[in-house]
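Observations on chain architecture
Single-letter residue listing:
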Amino acid sequence: MSCFPEVKKNFGFGCMRLPRKGPLIDYDQTKKMVDTFLEAGFNYFDTAHGYMEMRNEATLKKCLTSRHPRESYILADKLSEGFFKKESQIRPLFEKQLKNCGVEYFDFYLFHDVCEMNIDAYLDDEKYGIYSYLMKQKQNGRIRHLGFSCHGSIPVLQRFLDAYGKDMEFCQNLTTNSLMQYEELQMMFPKKNISFHEFPSLVSTEIALGQDVVAELDNCSKPYILFFGRITGVIPITMPVCV
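Remember, predicted model here, so these are calculated numbers, not experimental data. (Residues numbered from 1 in each chain as written. Predicted model: local features only at pLDDT ≥ 70, side-chain atom pairs only at ≥ 80, totals over all residues. Heavy atoms only, no water.)

On to the pattern of salt bridges, then. Across all of its chains, the model carries nine salt bridges by this definition. Ionic pairing is found between arginine 70 and aspartate 107, a salt bridge with its closest N-O pair at 2.8 Å. With a gap of 37 residues between them, arginine 70 in the loop between α3 (56-65) and β5 (74-79) and aspartate 107 in strand β6 (residues 106-114) connect regions that are remote in the sequence. Classification of arginine 70 by relative accessible area gives buried; the value is 18%. With its nearest N and O atoms 2.8 Å apart, the salt bridge here joins lysine 138 to glutamate 169. Placement of the pair is lysine 138 in helix α6 (residues 130-139) and glutamate 169 in the loop between α7 (154-164) and β8 (170-174), with a sequence separation of 31 residues. (Salt bridge = Lys/Arg side-chain N within 4 Å of Asp/Glu carboxyl O. Helix = DSSP H or I, 4+ residues; strand = E, 2+ residues; numbered from the N terminus. Buried < 20%, exposed > 50% of the residue type's maximum accessible area, 1.4 Å probe, protein only.)

Listed below in structure tokens is the structure:
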């Protein structure tokens, strides 16, 4: 990726779903998956505080960060609106995420799942101070790249970009439910100086059939937003994108 040279290849390891043994996470299998991913030359890992009953970050500490040199992997985490109710809870949450993951900084950090349910909180910097706090952490080197993910409507995305777009470096996991929204995204992102690269068949065909798509992703020569619909049984691929 030309804008994020530290990210190797065009494929990220999304950790929202990991193998289990009954109700427990299968650490041995997860370690094998992490090692295989790194050995294949990839290095981007994505987690969030709420994934897998809030055990995902600690799992990455056990299976990734405690076992591999810090320079060998790129780690993305997210601020999720459901885990704070007031400004005083933002800092403890961020510190807990760093501790859970066993790192001193995040390579990529996101406003998580920008949508109708949280846009007001994300944009109310006077009440919650999210934007100011995250920008400060970036200035202090504890966040290397600040961005967002979005599963909301076009108007919600527009509000977010109008407020914070100038400071967002990447977008990850844009979803939509309709062809009309998809076409609107195609027209919208060039105006916001965001690279847009589509893989419509990647979701509807190759992934749905369980085919290998790594080669196609790896051959993409420019940063992109991986566009996918809400298709039952399809696990989203996470990928940072230049803004």
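Here helix α4 (residues 90-101) is twelve residues long and its end C-alpha atoms lie 17 Å apart, about the 16 Å a rise of 1.5 Å per residue gives. Along α4, the residues that are buried comprise Ile90, Leu93, Phe94, Gln97, Leu98, Asn100 and Cys101. The buried residues of α4 occupy an angular sector of 165 degrees when the element is viewed end-on, so they sit on one face. When the buried face of α4 is taken as reference, the exposed residues oriented beyond 90 degrees from it are Arg91 and Lys99. For α4, the secondary structure elements touched by its buried residues are α3, β5, β6, α6 and β7 (143-150). Once α4 finishes, glycine 102 follows within two positions and takes phi at roughly 75 degrees, a positive value. (Expected span 1.5 Å × (residues − 1). Arc of directions from axis to C-beta. Contact = heavy atoms within 4.5 Å.)

Checked against the element boundaries, valine 114 lands in strand β6. Residues valine 114 and serine 153 lie 39 residues apart in sequence; the distance between their C-alpha atoms is 9.1 Å. Sequence-distant contacts of valine 114, defined by excluding residues within four places in its chain, comprise Ile119, Tyr122, Phe148, Ser149, Cys150, His151, Gly152, Val156 and Phe160.

Turning to the packing of helix α1 (residues 27-39) against α3, a few remarks are in order. For the pair α1 and α3, interaxial distance at closest approach is 9 Å and the crossing angle is 55 degrees. Taken together, the axes of α1 and α3 are oblique relative to one another. The hand of the α1/α3 crossing is right-handed. Here Tyr27, Thr30, Lys31, Val34 and Leu38 of α1 come into contact with α3, specifically with Thr59, Lys62, Cys63 and Leu64. Of the residues belonging to the contact of α1 with α3, the class tally is five nonpolar, two polar and two charged. (Axes fitted to C-alpha atoms, helices over the stretch in contact; angles between N-to-C directions. Parallel < 35°, antiparallel > 145°, perpendicular 65-115°, else oblique. Left-handed = near helix turned anticlockwise from the far one by under 90°. Nonpolar A, V, L, I, M, F, W, Y, C, P; charged D, E, K, R; others polar.)

The two faces of a sheet get side chains in turn, since along a regular strand they alternate between them. For β7, the buried fraction is high: seven of the eight residues fall into the buried class. In terms of strand pairing, β6 meets β7 through six bridges, oriented parallel. Residue pairing in the sheet places phenylalanine 108 in a bridge with histidine 145 of β7. (Pairing = 2+ DSSP bridges.)

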